[in-house]
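A closer look at the structure
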Amino acid sequence: MNSPVWHPFTQHGLGEPITEITRAEGAVLHARTGERYVDAISSWWVTTHGHCHPRIMAAIQAQAGKLDQIIFAGWTHAPAEDLARGLTAFLPETLAHVFFSDSGSTSVEVALKMALGFWDNRGTPRHGIVVMEHGYHGDTVGGMSVGARGVFNRPYQPLLFDVASIPFPEPDHEQVTLDALEAACRDNPAAFLVEPLILGAGGMRTYPPRMLAEMRAICAHYGVLFIADEVMTGWGRTGTLLACEQAQIVPDILCLSKGLTGGALPLAVTMATAPIFEAHRSPERSRMFFHSSSYTANPIACAAANANLAIWREEPVLERIAALGAGQQQRLDWLADHPKVRRPRRLGTITALEVGDSSSNYLSTIGPALSRVARSRGVLLRPLGNTVYVMPPYCVEDADLDLIYDVIAEVLED
Ligand SMILES: *Cc1c(COP(=O)(O)O)cnc(C)c1O
């Protein structure tokens, strides 16, 4: 197929197949050629309740008949007002202000700018950002700067700004991480940015809630803003609405995107506490928050997010998530004793395991081989190097979950 399309994270020189999908429902994708695929990765972690969810699709259709887009500086609309009110009511109450953008990366950029703006507007400028090793926060220049450095961003390194990085809290080495955070906080950085409980793109690495709570406490002690990037973990992925809940913490700034619209349309929010908003509020125009994107709070995307919120409020979503978690655990246990499987683990609806030896990296060949076999067997899987993970929509059928694990087992046998 000769197409002018340039795909993301795709090496066009390898001639690997690119499948055209024409239709989707629940956890199942249908290709133009008639094949059926189980979406084992929620279309890159966005689809929560299922593809083409009737309530979300109906909300999009209804809104599309009324208002498509309106400038959001000095103007507003009901879908955004309802969503902001809904989010502040549904999420921890100290997160009282909602700033809209379009993607996870921009929600993180906004969070960083809010943090620096907070300190600058208070007359005590701070610029340092502390992050965790193996973190991922998006592919924009700011997102790359605060994320892990590697083959993904090597050509752009000279452009990336410096950050302080603390080690990932490996089991039995957790104090090293806490000591490093404390040392970094003594340099008065503006903020600490972290993915709560699980580092997604960094290889589905999990750490316990207790660590998250201790890191939160250190930041509070030193007056360093705590930014939680829940772009992937939010909306139930880890078993609770937010991963932060499991540590009983509330960040100063919260980034949400992927599941915000149930995965139907691009939208993100960065939520902030009153002190951060108040630091920008002033009779001085020069202290306003200098950020916007053309489609800030697009009404149709907001309508989709309101429908997602209604599903969360009115349906037993947490029960579905618990059932999926149990189903995931049962099938992971089938694989756990296989000699090629290392570190099988589960957090909420997500399972992950390592295949083969530990000398692998993102460009390891196991990933593409597994993706290929899975595609031929009707499953969409996309390992991160040697890390195979399963993160399906919450509505995945038992038989389809079986198929996903059968395919992984089959590849392990080769
Ligand atoms: C996916 C992701 C992002 C980036 O979101 P995009 O919508 O792809 O820009 C940021 N942070 C985390 C933790 C993510 O998983």
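Residues numbered from 1 in each chain as written. Predicted model: local features only at pLDDT ≥ 70, side-chain atom pairs only at ≥ 80, totals over all residues. Heavy atoms only, no water.

The chain has the name Adenosylmethionine-8-amino-7-oxononanoate aminotransferase in an unreviewed UniProt entry, where Sphingomonas xinjiangensis is given as its organism. Reading the Subcellular location (unreviewed entry) entry of the UniProt record for the chain gives the comment "Cytoplasm". The chain has a UniProt comment under Function (unreviewed entry) that states "Catalyzes the transfer of the alpha-amino group from S-adenosyl-L-methionine (SAM) to 7-keto-8-aminopelargonic acid (KAPA) to form 7,8-diaminopelargonic acid (DAPA). It is the only aminotransferase known to utilize SAM as an amino donor." (UniProt positions renumbered as here; feature names shortened; annotations may be inferred.)

Before going further, it helps to spend a moment on the UniProt feature "binding site: substrate" (unreviewed entry) in the chain. The UniProt entry lists Trp-44, Tyr-136, Lys-258, Ser-292 and Arg-382 under the feature "binding site: substrate" (unreviewed entry), expressed in the numbering used here. Spanning 339 residues, the named residues do not form one spatial group; their C-alpha atoms are separated by as much as 32.9 Å. Set against the second largest pocket, the annotated residues named above that line it are Ser-292. Mapped onto the elements, Arg-382 comes out in the loop between strand 15 (379-380) and strand 16 (387-390). Of the polar contacts made by the side chain of Arg-382, one reaches the backbone oxygen of Phe-9; its length is 2.9 Å. (1 Å grid on protein atoms, 1.4 Å probe; cavity = no way out; pocket = protein on both sides within 12 Å on 5 of 7 lines; lining within 4 Å. Helix = DSSP H or I, 4+ residues; strand = E, 2+ residues; numbered from the N terminus. Polar contact = N/O pair within 3.5 Å; in protein donor to acceptor, adjacent residues only side chain to side chain.)

What follows covers the layout of surface pockets. What the second largest pocket holds in volume is close to 780 Å³. Put simply, the parts of the chain that give the lining of the second largest pocket at least two residues each are helix 3 (78-90), strand 4 (97-101), strand 12 (268-272) and helix 8 (274-280). Per-element tally for the lining of the second largest pocket: the top contributor is strand 4, with 4 residues. A class-by-class count of the residues in the lining of the second largest pocket yields 14 nonpolar, 10 polar and 2 charged. (Points joined across faces, edges and corners; volume = space filled by probe spheres on them. Nonpolar A, V, L, I, M, F, W, Y, C, P; charged D, E, K, R; others polar.)

What follows covers unusual backbone geometry. Despite not being glycine, Met-204 shows a phi value in the positive range, around 50°. Here the phi dihedral of Ala-297 falls at roughly 60°; this positive angle occurs in a residue that is not glycine. Topologically, Ala-297 is positioned in the loop between helix 8 and helix 9 (299-314). Given the relative accessible area of 0%, Ala-297 is considered buried. (Buried < 20%, exposed > 50% of the residue type's maximum accessible area, 1.4 Å probe, protein only.)

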